[in-house]
Amino acid sequence: MRFGVNYVPSRNWFYSWQHLDLTHVDEDFCAIRELGFDHIRMHLRWDLFQPNAAVVPEYMLGHLRDMLDLAEKYHLQVQVSVFVGWMSGFWFMPSFIKGRHILTDPAIVEAEYFLLEKIAGAVEDKPVFMGIDIGNELNVYEMFYHAFSVEQGDRWLSGILGECERLMPGKMHVIGVDHQPWFGDVQFSRHTLANTGGATSLHTWIAFTGALQYGLHSEENLSLQEFNIELANAYAEQAGRPVWIQEYGITDAWADPADFEVFVRRSMMAAARSENLWGFTWWCSHDLSPVYRDFDPIEYNLGLLTVENRVKPLGEYVRNCIRDMKQGITAPPLQTGPAIVIDDSEPFHGWTYGEAYADALREGIHAKFVLASRAADSAYLRRRGITECINIK
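Residues numbered from 1 in each chain as written. Predicted model: local features only at pLDDT ≥ 70, side-chain atom pairs only at ≥ 80, totals over all residues. Heavy atoms only, no water.

**Focus: the overall build of the protein chain**
In step 1: When helices and strands are counted, the protein chain shows 14 helices and 13 strands.
In step 2: Against the 2.2 N^0.38 benchmark of 21 Å for 393 residues, the protein chain shows a C-alpha radius of gyration of 20 Å, consistent with a compact globule.
In step 3: C-alpha atoms of the protein chain, sized along the principal axes, occupy 60 × 45 × 40 Å.
In step 4: In the protein chain, which comprises 393 residues, the proportion classed as buried is 60%.
In step 5: Total accessible area on the protein chain is roughly 15300 Å²; 51% of this is exposed by carbon and sulfur atoms. (Helix = DSSP H or I, 4+ residues; strand = E, 2+ residues; numbered from the N terminus. Rg over C-alpha atoms; globule rule 2.2 N^0.38 Å. Buried < 20%, exposed > 50% of the residue type's maximum accessible area, 1.4 Å probe, protein only. Areas by Shrake-Rupley, 256 points an atom, 1.4 Å probe, with all protein chains shown as cover.)

So, in structure tokens, the structure goes:
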């Protein structure tokens, strides 16, 4: 099991890429390692790493290499998120895009491949490089900029992840999307997300998914990660495909801090009951300084560390949970064997199945999911340990 954190710099947020201070980065990575983490997800700024379609500044690639060297010093592996044009409610699109579509315009896609080629050359000799994360929740581009169909999204995603594998073979290349394609039929298909790249990455935010509306201590909320892992497993064609909880977190805007410890332990240990879980990557490492204005209020205190690198109580809870999980402490075992059937011939509504999953947990059952199109395949069911298929309609 792997444990990591999304790196948000303690000083100057992601504006720090413009004037990188490696002393501060060194302090940050030291504090992150002391929390028990073994990897970070590092977000580039697309507009800075590619100010022109044909230009990737060498000094920015040098910054990236320096960051990877510091990560190696603290035994932290690094997933590099490249096309970060969206971060914490702000857009950082390169100016050369000029309103063109980043998924369907051939010239823009060519520019994206060019940046990947330059990144590949910069990281190819770095042992801590885990792989490429295409970008941070690029699916929201469909909401704010230009619409695209699921077919267009799948075509672009298959192509760009294929290019990552061609340039950097054998690494864990993924795309980090939010919950929308997993809870509905938008942007990218669940089949493509669960079968393209080196792992299936999930963002399991209790507020944005709607899980929190069921109550902080509800099964719907505490088992959100577990539910999403089982969805990913159902759509995966490859046995044992890794599933990565790439973003999750909590803030006092959503819950009383007195409940944070229970949330951390119960949600992480529940998720660990599911097969194929590769690991967890908390959002995020550091708080955001109040000197920066106009962010959503939740962005200021999502960190496990303060901007002075002091461990917050939330950081202690996560560190303690990681320690216990590494020592073999687990959630109580539940009955296994049943699987809830997903009708893959109809439009998908995530919480129809999320509620059924939580109901099963309340009955002491750790259910799986199976697509209706595969529910009669006895060999497939046997391979997945499914002994009973449950239709919820």
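That covers the picture; the talk isn't over yet.
**Quick notes on helix α4 (residues 106-123)**
For the α-helix, the turn length of 3.6 residues means that residues three or four positions removed from each other point alike.
In step 1: Here α4 is 18 residues long and its end C-alpha atoms lie 26 Å apart, about the 26 Å a rise of 1.5 Å per residue gives.
In step 2: Along α4, the residues that are buried comprise Ile108, Val109, Ala111, Glu112, Leu115, Leu116, Ile119, Ala120, Ala122 and Val123.
In step 3: On its buried side, α4 packs onto α2 (46-49), α3 (58-73), β6 (129-136) and α6 (150-167).
In step 4: One side-chain oxygen of the residue at the start of α4 lies 2.9 Å from the amide nitrogen of Ala107, identifying that residue as Asp105. (Expected span 1.5 Å × (residues − 1). Contact = heavy atoms within 4.5 Å. Polar contact = N/O pair within 3.5 Å; in protein donor to acceptor, adjacent residues only side chain to side chain.)

**Here's the deal with the state of the cysteines**
In step 1: Evaluation of the coordinates by the stated rule reveals 0 disulfides.
In step 2: The cysteine Cys30 is free of any disulfide, with Cys284 supplying the nearest cysteine sulfur at 18 Å.
In step 3: Note on Cys30: relative accessible area 26%, which makes it partly exposed.
In step 4: Cysteine Cys321 shares no disulfide, and the gap to the nearest cysteine sulfur, in Cys284, comes to 18 Å.
In step 5: For Cys321, a relative accessible area of 0% translates into the label buried. (Disulfide = S-S within 2.5 Å.)

**Side note on the packing of helix α10 (residues 224-235) against helix α13 (residues 350-362)**
In step 1: Running from amino to carboxyl end, α10 crosses α13 at an angle of 115°, the nearest separation of the two axes being 10 Å. Regarding the angle of α10 to α13, the classification is roughly perpendicular. The chirality of how α10 crosses α13 is right-handed. Residues Leu224, Glu226, Phe227 and Glu230 of α10 lie in contact with α13, whose contacting residues are Gly350, Trp351, Tyr353, Gly354, Tyr357 and Leu361.
In step 2: Partitioned by chemical class, the residues of the contact of α10 with α13 number 6 nonpolar, 2 polar and 2 charged. (Axes fitted to C-alpha atoms, helices over the stretch in contact; angles between N-to-C directions. Parallel < 35°, antiparallel > 145°, perpendicular 65-115°, else oblique. Left-handed = near helix turned anticlockwise from the far one by under 90°. Nonpolar A, V, L, I, M, F, W, Y, C, P; charged D, E, K, R; others polar.)

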